[in-house]
Amino acid sequence: MDLTAQQQSFAFPLLKNADIINCMSELGVPLTADELAEPVRHKDRVREVFLMLIEFGLGVTEEELRHPSPAVQAKRAGLPHPELHVESVSELKFLQQCRRFMSICGLRDFGWKDLGAPTSKRIRRQLSGAINFARFREERMPIYEELTQQREEVLAALRTAQTDRTALLADLDDARAATDE
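Right, let's walk through the structure included here. (Residues numbered from 1 in each chain as written. Predicted model: local features only at pLDDT ≥ 70, side-chain atom pairs only at ≥ 80, totals over all residues. Heavy atoms only, no water.)

1. Observations regarding the side chain of Arg45
You can see Arg45 is positioned in helix 4 (residues 43-58). Judged by relative accessible area, Arg45 falls into the buried class, the value being 14%. Residues contacting Arg45, with those up to four places away along its chain left out, are Val29, Pro30, Leu31, Glu35 and Met52. (Helix = DSSP H or I, 4+ residues; strand = E, 2+ residues; numbered from the N terminus. Buried < 20%, exposed > 50% of the residue type's maximum accessible area, 1.4 Å probe, protein only. Contact = heavy atoms within 4.5 Å.)

In structure tokens, the structure reads:
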């Protein structure tokens, strides 16, 4: 499957600004008409919106984005001037998570420009995709919770069966030892 066909497989409606603002507030992400109409004037707010969306969609908090893993810290320490890369590592991680979330939403062309010089058209498309994902997730959550509950019940039965098996094997070993005597 080529990239064009793959992008077309994720079709979602492009929402109007009023619908986007309403849906984003339902998600707990406040957004104003001015921020949506002129996102380049509100780059910090656009960043905050994407931070909230990453936390909502991926479960990655801002704190996790700011603190790199021990492996990344070790690599950064090996660089000639590691103090210069304190913020750059977290910014790259933020971009990576934004790209990952947007890819899940069906938008595979997210990049630095969407954070540094966001346009009304692109942010409208991105937020429409995120809202579509949120609606899909909300729709599927009861099924997920039911399957999770069933899985927990099966795992509890498995643990009980393993405990019983261990006890039966111990009884078998005792019976064999008694028979040998």
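The discussion continues.
2. Looking at the pattern of salt bridges
Going through the model one piece at a time under the given rule, you end up with nine salt bridges. Here Arg151 and Glu152 are joined by a salt bridge, their closest N and O atoms 3.5 Å apart. According to the relative accessible area criterion, Glu152 is partly exposed, its value standing at 40%. By sharing partners, the salt bridges in this structure join Asp109, Asp114, Arg122 and Arg125 into a single network. (Salt bridge = Lys/Arg side-chain N within 4 Å of Asp/Glu carboxyl O.)

3. Section: the environment of Phe110
Residue position: Phe110 is located in the loop between helix 7 (86-104) and helix 8 (112-116). Under the relative-accessibility criterion, Phe110 is labelled buried at 2%. Every residue in contact with Phe110, bar those within four places of it in the chain, is listed here: Phe50, Leu95, Cys98, Arg99, Met102, Leu115, Arg122 and Gln126.

4. Here's the deal with helix 4
Taking 1.5 Å per residue as the helical rise, helix 4 with its 16 residues ought to reach 22 Å, and the 22 Å between its terminal C-alpha atoms agrees with that figure. Arg45, Val46, Val49, Phe50, Leu51, Leu53, Ile54 and Leu58 are the residues of helix 4 that are buried. Residues of helix 4 that are buried make contact with helix 2 (17-26), helix 3 (33-37), helix 5 (62-66), helix 7, helix 8 and helix 9 (120-180). Just past helix 4, the residue Gly59 takes up positive phi, approximately 75 degrees. (Expected span 1.5 Å × (residues − 1).)

5. Regarding the packing of aromatic side chains
This structure, assessed with the given rule, holds two aromatic pairs. On the basis of an interplanar angle of 85 degrees and a centroid distance of 5.5 Å, the ring pair of Phe101 and Phe133 is categorised as edge-to-face. Taken together, the residues span a long stretch of sequence, with Phe101 in helix 7 and Phe133 in helix 9 at a distance of 32 residues. Here the basic side chain of Arg47 rests over the ring of Phe94, its NZ or CZ set 4.2 Å away from the ring centre. Here the guanidinium or amino end of Arg137 rests over the ring plane of Phe56, the centre of that ring lying 4.7 Å away. (Phe/Tyr/Trp six-rings, centres within 6.5 Å; stacked < 30°, edge-to-face > 60°. Lys NZ or Arg CZ within 6 Å of the ring centre and 35° of its normal.)

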